[in-house]
Amino acid sequence: MTDAPDQPPVRCVRVLLAEDQSMVREALAALLDLEGDIEVVAQVARGDEVVEAARRARPDVALLDIEMPGMTGLEAAALLGREVPEVRIVILTTFGRPGYLRRAMEAGASAFLVKDAPAAQLADAVRRVLRGERVIDPALAAAALAAGADPLTERERSVLRASADGSTNAELAKRLHLSHGTVRNYLSTAIQKTGARNRADAVRIAREKGWL
């Protein structure tokens, strides 16, 4: 009787985890490490640390939270796609906002999941994106289609985002290196497009939609 041929070892999927809340990050890492074929090889708490960590650890997949200091997960995803394009990107968020989904796909993400998804679903998404698949929460995909496209241009979005701290138009113009009239025009257009009463209301609406 001949021995059965040895099975080739299962290759672990190398994962980088970016999440600013340490308890959430450690819990996600512990859950993923329970999977026999997934290994968390790097953890960071800031968006601006993602690319450097990816260069050092060479993960297959990066799990990025959206709300992080230094740089948002969406911004980090776009930069990671340019600097370390072989890494697949999964966006995780507490807030399933339709605008976030659209921006995540534009940034090159392969998957978009809310954090309260079951651990098995997250592990499955990691495996699937490594195979080249795209994984999107079905309810969020339907909401994104219903909400329509983000009406704001990138410049309108950046000026509106900068105005959220209550800065005057003159202060915004100086900070953004734009003329006072240009800032006023961008804010006026953003208010009209969002159907807001004023710029503070426009910021609120845009954030709720996930456009900021």
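Residues numbered from 1 in each chain as written. Predicted model: local features only at pLDDT ≥ 70, side-chain atom pairs only at ≥ 80, totals over all residues. Heavy atoms only, no water.

## So, the packing of helix α9 (residues 180–194) against helix α10 (residues 199–209)
Then step 1. Two elements in contact, α9 and α10, have axes whose closest approach is 9 Å; the angle formed by their N-to-C orientations is 55°. Relative to α10, the element α9 lies oblique. For the crossing formed where α9 meets α10, the hand is left-handed. Of the residues in α10, those in contact with L187, A190, I191 and T194 of α9 are R199, A202 and I205.
Then step 2. A class-by-class count of the residues in the contact of α9 with α10 yields five nonpolar, one polar and one charged. (Axes fitted to C-alpha atoms, helices over the stretch in contact; angles between N-to-C directions. Helix = DSSP H or I, 4+ residues; strand = E, 2+ residues; numbered from the N terminus. Parallel < 35°, antiparallel > 145°, perpendicular 65-115°, else oblique. Left-handed = near helix turned anticlockwise from the far one by under 90°. Contact = heavy atoms within 4.5 Å. Nonpolar A, V, L, I, M, F, W, Y, C, P; charged D, E, K, R; others polar.)

## Quick word on the nonpolar core
Then step 1. Core analysis: the biggest nonpolar cluster contains 29 residues, and L16, V50, L64, L80, I91 and F112 have the highest contact counts within it.
Then step 2. Those elements that provide at least two residues to this core are β1 (13–18), β2 (38–44), α2 (50–57), β3 (61–65), α3 (73–83), β4 (88–93) and α4 (98–106).
Then step 3. In this view, F112 contacts I66, I91, T93, Y100, L101, A104, M105, V135, I136, D137 and L140; residues no more than four positions away in its chain are not counted. (Core = buried A, V, L, I, M, F, W, Y, C linked by side-chain atoms within 4.5 Å. Buried < 20%, exposed > 50% of the residue type's maximum accessible area, 1.4 Å probe, protein only.)

## So, the sheet that holds strand β5 (residues 111–114)
Then step 1. In space, the six strands of this open sheet follow the order β2-β1-β3-β4-β5-β6, with parallel pairing throughout. Each end of this open sheet is capped by a strand with a single partner; those strands are β2 and β6 (135–136).
Then step 2. Looking at chain direction, β5 and β6 are connected through two bridges and run parallel. Across the sheet, the residue bridging to A111 is V135, located in β6. (Pairing = 2+ DSSP bridges.)

## So, the environment of L80
Then step 1. With respect to the element layout, L80 can be found in helix α3.
Then step 2. For the pair L80 and A109, spaced 29 residues apart in sequence, the C-alpha separation works out to 10.0 Å.

## A short note on unusual backbone geometry
A negative phi angle characterises most non-glycine residues, just as the trans form characterises most peptide bonds.
Then step 1. Here the phi dihedral of R58 falls at roughly 50°; this positive angle occurs in a residue that is not glycine.
Then step 2. With respect to the element layout, R58 can be found in the loop between α2 and β3.
Then step 3. Positive phi, normally seen in glycine, also occurs at H177, with a value near 60°.
Then step 4. By relative accessible area, H177 is classed as exposed at 72%.

## As for the confidence of the model for the protein chain
Then step 1. With 89% of its residues at a pLDDT of at least 70, the protein chain reaches an overall mean of 86.
Then step 2. At the low end of the mean pLDDT range in the protein chain sits helix α6 (residues 138–147), at 64; at the high end sits α2, at 97. (pLDDT = per-residue confidence, 0-100.)

## What about helix α7 (residues 154–162)?
Then step 1. Of the residues making up α7, those classed as buried are E156, R157, V159, L160 and A162.
Then step 2. Here the buried face of α7 lies against α8 (169–176), α9 and α10.

## Notes on α10
Then step 1. Those residues of α10 that fall on the buried side of the exposure criterion are D201, A202, V203, I205 and A206.
Then step 2. Here the buried face of α10 lies against α7 and α9.
Then step 3. Just beyond α10, the residue with positive phi is G210, at close to 85°.

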